[in-house]
Amino acid sequence: MRIFRAAVLLGTVAFMAATSAFAADVKIGFIVKQPEESWFQDEWKFADVAAKEKGFTLIKIGAEDGEKVQSAIDNLGAQGAQGFIICTPDVKLGPGIVAKAAANDLKVMTVDDRLVSADGSPLEDVPHMGISATKIGEAVGQTLVDEIKKRGWDMKDVGAIRVSYDQLPTAVDRVNGALSVLKTAGFPEANIFDAPQAKTDTEAALNAATVVLNKNAGIKKWVAIGLNDEAVLGAVRASETVGITADNMIGVGIGGADSAINEFKKPTATGFFGTVIISPKRHGYETALNMYEWVADGKEPEKLTLTAGQLALRDNYQSVRKELGIE
Ligand code: GLA
């Protein structure tokens, strides 16, 4: 009996040693399109938590264009990684990314921005985690409608800046979700102005929104929407430079990372009225964990996971963050 127990124990120890040795051999890449953006830094931070927990190596790579994506994937292959998660700088790189991953014998899953084929349809075979873009956009739109009413504005006197990045489907879904709610509430279509940004950052949004504001100097009250906090912050900064005060601007973003929180922390309110907080923890931690389980246990991730958002305003963001477990 004793011998038997000892043998079982030995077996268990050997098994544990084998699994942890295996975990140490697992290398997973996490490629993001904009490493300087707080959302992506948070994603990386939470992916690191998963790596620590499971004992695998996480290789974080920033890739701002197609060429960098290609070399990042080759690099991961050369380092002996088994898989990677990517938020691509351009969703049209889809088939190329899938081919490059296969050539390097790497599993691939996407986060935030879903890959598309040449005809623009999503690559449904690649597991993806994104936000529920339309619904979150609608929450933005509802917040704008409520605040327009609260301020007693007549919608015909209000302009809407649509900071747009139409080559990215999730961006289109987000802003269109917001606009659909505005229009249903009676917002005039003619007062909606497109501000196409060249890149999804604040500077590009500021430039795009400035053009709209200068062209429509007769409009004194504004709302602003965009795919993320950075886009809306750009529109808010643009409004400030042309002398539109915070009481005449309502900007509602999507994200809730540092860039939004820093805005709420300013001593006086700005035109950045609110944000729908989304979860970098789910997008970073869960995707890294999914990839690990795929590599280590052969358990394939869900093909499509869409995460929710929660509205936060200047006066309640702390309690919302607490509720969401991110404070
Ligand atoms: C896109 C945006 C990011 C962030 C994520 C969330 O990638 O560019 O700013 O909003 O979606 O999924």
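Some remarks on the sheet that holds strand β3 (residues 83-87)
Taken in spatial order, the 6 strands make up an open sheet running β2-β1-β3-β4-β5-β11, and their pairing is parallel. Pairing within the sheet leaves two strands with one partner each, and these edge strands are β2 (57-62) and β11 (304-307). Taking each pair of neighbouring strands and ignoring which way they run, the sheet shows an average axis angle of 15°. Inspection of the sheet shows strand β5 (residues 128-131) paired to β11 by 4 bridges, in the parallel sense. Bridged to G130 within β11 is L306. Helix-sheet contacts for helix α2 (residues 38-54) involve β1 (27-32), β2, β3 and β4 (107-111), and the interaxial angle to β2 is about 165°. Lying on the sheet, helix α3 (residues 66-78) is in contact with β1, β2 and β3; it crosses β1 at an angle near 170°.

As for the confidence of the model for the chain
Residue-level pLDDT values for the chain average 94, and 93% of them are 70 or greater. The low-confidence segment residues 6-10 (pLDDT under 50) makes 0 contacts with residues lying over four places distant or belonging to another chain.

Topic: helix α6 (residues 169-184)
In this model α6 runs 22 Å from its N-terminal to its C-terminal C-alpha over 16 residues, within 8% of the 22 Å that 1.5 Å per residue would give. Here the buried face of α6 lies against β5, α5 (133-150), β6 (158-164), β7 (192-196), β8 (221-225) and β9 (249-255). One or two residues past the end of α6 sits G186, with phi positive at roughly 105°.

Examining the sheet that holds β9
Pairing is mixed in the open sheet, where 6 strands are placed in the order β7-β6-β8-β9-β10-β12. Two strands bound the open sheet, and with one partner strand each, they are β7 and β12 (310-313). This sheet shows a mean twist of 20° between the axes of neighbouring strands, independent of strand direction. Strand direction decides the pairing type here: β6 and β8, joined by 5 bridges, are parallel.

Some details on the site of the ligand
With respect to spatial proximity, 13 residues lie near the ligand, and among them K33, E37, D112, D113 and R174 are the closest. One nitrogen or oxygen atom from the side chain of K33 is found 2.9 Å from an oxygen atom belonging to the ligand. Here an oxygen atom of the ligand sits 2.8 Å away from a polar atom, N or O, in the side chain of R174. When atoms are counted within 2 Å of each cavity's grid points, the one that captures over half of the ligand is the largest cavity. When its residues are assigned to classes, the shell around the ligand shows 6 nonpolar, 2 polar and 5 charged.

Points about the packing of aromatic side chains
In total, this model carries 4 aromatic pairs according to the counting rule given. On the numbers, 5.7 Å between centres and 50° between planes, the contact of F264 with F272 is tilted. F272 matches F264 in its accessibility class, with the two residues each being buried. Joined through ring pairs, the aromatic side chains of F264, F272 and Y317 make up one cluster. The aromatic ring of Y285 is capped on one face by K281, whose charged end is 6.0 Å from the ring centroid.

Regarding the packing of helix α7 (residues 202-215) against helix α8 (residues 229-241)
It is at 7 Å that the axes of α7 and α8 come closest, and there the two elements cross at 45°. Between α7 and α8, the crossing angle belongs to the class labelled oblique. When the axes of α7 and α8 are compared, the crossing they make is right-handed. Across the interface between the two elements, T202, A205, L206, A209, T210 and L213 from α7 touch E230, A231, L233, G234, A235, R237, A238 and S239 from α8.

What counts, and at which threshold
Residues numbered from 1 in each chain as written. Predicted model: local features only at pLDDT ≥ 70, side-chain atom pairs only at ≥ 80, totals over all residues. Heavy atoms only, no water. Pairing = 2+ DSSP bridges. Helix = DSSP H or I, 4+ residues; strand = E, 2+ residues; numbered from the N terminus. Axes fitted to C-alpha atoms, helices over the stretch in contact; angles between N-to-C directions. Contact = heavy atoms within 4.5 Å. pLDDT = per-residue confidence, 0-100. Expected span 1.5 Å × (residues − 1). Near = heavy atom within 4 Å. Polar contact = N/O pair within 3.5 Å; in protein donor to acceptor, adjacent residues only side chain to side chain. 1 Å grid on protein atoms, 1.4 Å probe; cavity = no way out; pocket = protein on both sides within 12 Å on 5 of 7 lines; lining within 4 Å. Sits in = over half its atoms within 2 Å of the grid points. Nonpolar A, V, L, I, M, F, W, Y, C, P; charged D, E, K, R; others polar. Phe/Tyr/Trp six-rings, centres within 6.5 Å; stacked < 30°, edge-to-face > 60°. Buried < 20%, exposed > 50% of the residue type's maximum accessible area, 1.4 Å probe, protein only. Lys NZ or Arg CZ within 6 Å of the ring centre and 35° of its normal. Parallel < 35°, antiparallel > 145°, perpendicular 65-115°, else oblique. Left-handed = near helix turned anticlockwise from the far one by under 90°.

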